[in-house]
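A closer look at the structure
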Amino acid sequence: ELSQAVVDAGAVPLLVLCIQEPEIALKRIAASALSDISKHSPELAQTVVDAGAIAHLAQMILNPDAKLKRQVLSALSQIAKHSVDLAELVVEAEIFPVVLTCLKDSDEYVKKNGATLVREIAKHTPELSQLIVNAGGVAAVIDCIGSCRGTVRLPGIMVLGYIAAHSENLSMAVIVSKGIPPLCACLIEEHEDHIKAAAAWALGQVGRHTPEHARAVAVADVLPVLLAIYMDTNSSEDLQMKASISTKKALKNILQKCTYLPALEPLLHNAPPNIMKHIVGQYSKVLPHDSKARRFFVTSGGFKKVQEIKAEPGSLLQEYINTINNCYPEEVVR
């Protein structure tokens, strides 16, 4: 309501005039005010757009003043976040590839706000994500995640997750640009739950499409790390539910597509029952058709491990175990 009162008083066109004034301090505070008006609703953002703000804001992305850049990027993010139409209007102001230079900025907040703007565009549609990929956005975001620590990484992590979520091809773009190692690094290096949770979510989005995608994630040794975080968050009350839910979901997403058994092997020995069923499920899909894998499964001790699992009679897990046992002669099972 308060933003609406400011709009109703006719302030928006005057603020747009202020961002065109030569004085930097005035530009900054006017951009900040436009950002605060835009953030509440699509309607309020639309009034800022209708006053012609986007073009003037977009021109200032390359301004040498870091504090002004922070506010400009924030204002464009707050406009783009609401809808596909508003995001498209921001993109049409030709902010790509210019905005990607902000991801290399020495100012942490310019970096963060630049990545946030890319995130607010990537989340809407596969087409907008494709546009970011075509502009070299994935590589720029990956470099950005690699060059900073803590919450500055968060929007970049989310960008990769959103892009990968849209389609097999976009997810492959993240894989080919070597996006998996830095996401895995975030899981290991970051101590804050919400950052771990975001990295787990993003990896789940990358790996959930096909066996090829899942394998790309699995060979990077991501699964044991996810499992360790999940077991850790499960055991202590104070660790956030969110990290636990995200890692569980990511594990499930990747496991349900992963047919690369060497990556599943280490998990067989310490996964809890609710994760174990997904692992055993994948073995039950692959073993009937792969004699080499069947032999290795016995020699590695995996087959013995499966015999030790206590499954409820008639449960899905029991069915998977039966399918695996049916691949072997009775005396081997005994």
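Residues numbered from 1 in each chain as written. Predicted model: local features only at pLDDT ≥ 70, side-chain atom pairs only at ≥ 80, totals over all residues. Heavy atoms only, no water.

Under an unreviewed UniProt entry, the name given to the chain is SPAG6 protein, and the organism recorded is Syrrhaptes paradoxus.

A look at the environment of Ile54
Considering the arrangement of structural elements, one finds Ile54 in helix α5 (residues 53–59). Judged by relative accessible area, Ile54 falls into the buried class, the value being 6%. Along the primary structure Ile54 and Leu89 are separated by 35 residues, whereas in three dimensions their C-alpha atoms are 7.9 Å apart. Apart from the residues lying within four places of it in its own chain, the contact partners of Ile54 are Val49, Leu76, Ile79, Leu89, Val90 and Ala93. (Helix = DSSP H or I, 4+ residues; strand = E, 2+ residues; numbered from the N terminus. Buried < 20%, exposed > 50% of the residue type's maximum accessible area, 1.4 Å probe, protein only. Contact = heavy atoms within 4.5 Å.)

Some points on the pattern of salt bridges
Counting across every chain of the model gives eleven salt bridges. In this structure, the salt-bridge partner of Asp105 is Lys69, at a minimum N-O distance of 2.8 Å. With a gap of 36 residues between them, Asp105 in the loop between α7 (84–92) and α8 (108–122) and Lys69 in helix α6 (residues 66–80) connect regions that are remote in the sequence. Each member of the pair, Asp105 as well as Lys69, is classed as buried. Ionic contacts of the salt-bridge type, sharing partners, join the residues Arg149, Arg153, Glu189 and Glu190 into one network. (Salt bridge = Lys/Arg side-chain N within 4 Å of Asp/Glu carboxyl O.)

Quick word on the packing of α6 against α8
Interaxial distance between α6 and α8 falls to 9 Å at its minimum, and their mutual angle equals 15°. Between α6 and α8, the angle is such that the two are roughly parallel. Crossing of α6 over α8 shows left-handed handedness. Residues Ala66, Lys69, Arg70, Leu73, Ser74, Leu76, Ser77 and Ala80 of α6 form the contact with α8, whose participating residues are Tyr109, Val110, Asn113, Gly114, Thr116, Leu117, Glu120 and Ile121. (Axes fitted to C-alpha atoms, helices over the stretch in contact; angles between N-to-C directions. Parallel < 35°, antiparallel > 145°, perpendicular 65-115°, else oblique. Left-handed = near helix turned anticlockwise from the far one by under 90°.)

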